[in-house]
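# Overview (structure and organization)
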Amino acid sequence: MSMENPGPLPPAITPPMAPLPVHPPIAPIPIPVPPSTSAAADDDEVDYEVSDDHRAARERHERAVQELLQRRRAYAMAVPTNDSAVRARLRRLGEPITLFGEREMERRDRLRALMVRLEADGQFDRLLRVQEDEQGAPGDDDDMEQIQYPFFTEGTNQLLQARVDIAMYSLPRAKARVDRAKRRLADLDEDPEAEADLVVKQAGDFVLECSEIGDDRPLTGCSFSRDASMLATSSWSGILKVWSMPQITKIATLKGHTERATDVAFSPVDNCLATASADKTAKLWNSDGSLLMSFDGHLDRLARVAFHPSGKYLGTASFDKTWRLWDINTGTELLLQEGHSRSVYGVSFHPDGSLAASCGLDANARVWDLRSGRLYCTLIGHVKPVLGVGFSPNGHLVATASEDNFCRIWDLRTRQMLYSIPAHKSLISHVKFEPQEGYYLATSSYDTKAALWSTRDYKPIKCLAGHESKVTSLDISGDGQQIVTVSHDRTIKIWSCRGTARDNEMELD
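Below: a short report on this structure.

Calculation notes
- Residues numbered from 1 in each chain as written.
- Predicted model: local features only at pLDDT ≥ 70, side-chain atom pairs only at ≥ 80, totals over all residues.
- Heavy atoms only, no water.
- Axes fitted to C-alpha atoms, helices over the stretch in contact; angles between N-to-C directions.
- Helix = DSSP H or I, 4+ residues; strand = E, 2+ residues; numbered from the N terminus.
- Parallel < 35°, antiparallel > 145°, perpendicular 65-115°, else oblique.
- Left-handed = near helix turned anticlockwise from the far one by under 90°.
- Contact = heavy atoms within 4.5 Å.
- Nonpolar A, V, L, I, M, F, W, Y, C, P; charged D, E, K, R; others polar.
- Buried < 20%, exposed > 50% of the residue type's maximum accessible area, 1.4 Å probe, protein only.
- Pairing = 2+ DSSP bridges.
- Core = buried A, V, L, I, M, F, W, Y, C linked by side-chain atoms within 4.5 Å.
- Patch = residues over 30% accessible without salt bridge, like charges linked within 9 Å, V, L, I, M, F, W, Y side chains within 5 Å.
- Areas by Shrake-Rupley, 256 points an atom, 1.4 Å probe, with all protein chains shown as cover.
- Salt bridge = Lys/Arg side-chain N within 4 Å of Asp/Glu carboxyl O.

## As for the packing of helix α3 (residues 83–92) against helix α4 (residues 104–120)
The N-to-C vectors of α3 and α4 enclose an angle of 40°; their axes lie 10 Å apart at closest approach. With respect to α4, the axis of α3 lies oblique. Remark: the crossing between α3 and α4 carries left-handed chirality. Facing Asp83, Val86, Arg87, Arg89 and Leu90 of α3, the residues of α4 in contact are Glu104, Arg107, Arg108, Arg110, Leu111, Leu114 and Met115. When the residues that make up the contact of α3 with α4 are grouped by side-chain class, the tally is five nonpolar, no polar and seven charged.

## Examining the environment of Phe206
Within the secondary structure, Phe206 sits in the loop between α8 (192–203) and β1 (207–213). The sequence separation of Phe206 and Cys463 amounts to 257 residues, and the corresponding C-alpha distance is 9.0 Å. Residues within four places of Phe206 in sequence aside, it is in contact with Tyr440, Leu452, Lys462, Leu464, Gly480, Gln481, Gln482, Ile483, Trp495, Ser496 and Cys497.

## Structural notes on the environment of Leu464
Structurally, the position occupied by Leu464 is in strand β25 (residues 460–465). Taking relative accessible area as the criterion, Leu464 reaches 2% and is therefore assigned buried. Sequence separation between Leu464 and Lys449 is 15 residues; the distance between their C-alpha atoms is 5.8 Å. Other than its neighbours up to four places away in sequence, Leu464 contacts Phe206, Lys449, Ala450, Leu452, Ile483 and Trp495.

## Description of the sheet that holds strand β13 (residues 333–337)
Pairing is antiparallel across the open sheet formed by four strands, whose spatial order is β10-β11-β12-β13. Edge positions in the open sheet fall to β10 (302–307) and β13, since each of these has one partner strand only. Going across the sheet, the axis of each strand differs from the next one's by a mean of 20°, ignoring polarity. Alignment of strand β11 (residues 313–318) against strand β12 (residues 323–327), held across five bridges, turns out to be antiparallel. Bridge pairing in β12 links Tyr313 to Asp327.

## Digging into the nonpolar core
With 16 residues, the main nonpolar core has Tyr313, Trp323, Leu325, Phe349 and Leu370 as its most contacted residues. Non-local contacts of Tyr313, meaning those with residues more than four positions away in its chain, are made with Ala162, Asp165, Ile166, Ala306, Phe307, His308, Leu325, Trp326, Asp327, Ile328 and Leu334.

## Some points on unusual backbone geometry
The peptide bond linking Met245 to Pro246 adopts the cis configuration, its omega dihedral lying at 5°. Assignment of secondary structure puts Pro246 in the loop between β4 (240–244) and β5 (249–254). Although it is not a glycine, Ile248 sits at a positive phi angle of roughly 55°. Along the chain, the position of Ile248 falls in the loop between β4 and β5. Among the residues examined, Ile248 registers a relative accessible area of 4% and is labelled buried. Even without glycine at this site, Lys280 takes up a positive phi of about 75°.

## Here's the deal with the sheet that holds β25
Read across the sheet, four strands follow the order β22-β23-β24-β25 without closing on themselves; strand pairing throughout is antiparallel. Either end of the sheet is taken by a strand with one partner, and the two such strands are β22 (428–433) and β25. Neighbour to neighbour, the strand axes of the sheet diverge by 15° on average, direction disregarded. Pairing of strand β24 (residues 449–454) with β25 involves five bridges; the strand directions are antiparallel.

## With respect to a nonpolar patch on the surface
Together, Leu160, Val164 and Met168 make up a nonpolar patch on the protein surface, roughly 310 Å² of accessible area in all. Structurally, Leu160 is set in helix α7 (residues 157–186). For Leu160, a relative accessible area of 55% corresponds to the exposed category.

Shown next as structure tokens:
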């Protein structure tokens, strides 16, 4: 079978391509944008909640500022010093001219407070009318011409006699002290420098000789008798004790104060002693424990107490911002001395008896002339309360001890600070010069230690370490050979250099 040629094949037919699917465009995803801080601040204010503690602190600060401003206005306020003028102004202001038990200076303080309150309330017109009435009152011009109002409180005849007695006592002693100093400088056989070196060397040999439990409560004060045969201590229990030396054997217990006893001091002329207490009284005792007299008059608790060198007068310092001078023979309050803006803590007398020094919580110490009643100088330099003050036997140096941990030395001749000793790591509770020539200085502190310092260059001599708690007070015997310290650890410690001196003598023999 023959195959016929079919001829050329027709071209292949390519099927048409399907069109590509068309997708809709993808919409962009919106991203939220936070509003700006400034816009939010413009739209809504942010409220901050103040805590109660912060609000209370702010209120306390505002009250303190207001009290400070009122106190400054009170000090700047001109108030009459004459009691009659004070009464007259109180009457014109519609206030009672006196209150029950009110004294002259208290009445003057009440008038000052009233005037400050009226000024703060905006009642200036009332104050101006009162002053115009005082100036325009009949006879006032003549009285103002005749009466010159002094800036002091009028004293009594007893105070006048006491000032005369103190002057008669102090002037011969001052003359004798100056003459002795001149002879010592002119005497070629006597070398004060060598004597000072010897005393300072002996002070470096102080060692603990005896320790005794003094009371069930912390001890606050101590004092040697004039011949160092007895020792007196005071305590928070309100009980005073008298001890025989050197064995520290109790010979008398003094009970009479109703609150804690704050200080004790032996008389420089006999064996009686004075005590101070938080019950606002001071008392005079015999060494056998019998009560001789009580001194009442302070308005707040007492701190330190000191005898005048003559033994006739007693000085007391109180938290009522005053110190007072008493006659121990009659119990009469001779002098109520103001001047400190805060509580008075310590008082001390010049070895001649002519001056008195007071120190207080206003960070100042003041020196007063007892013969004239005038303020001799103010010792300004401490930044915290001054707790102790003492005169040197040389008559022209004063030492102050403060809560700022510094003991400062002042020269009464120039009325300037002579030296500043960074003495302790805590507040200094008491300071005292060596009673013979003042060649060394003793300080006690709440850092549980007492320290001795040379008054030639104010370098440390000896650290008396042995107490386990705060050392509250100290005293030096009349011969300078013994030091007593008392503390909150309830112990009495006697430090002595006699044993070392005896050992040296035995070695020489």
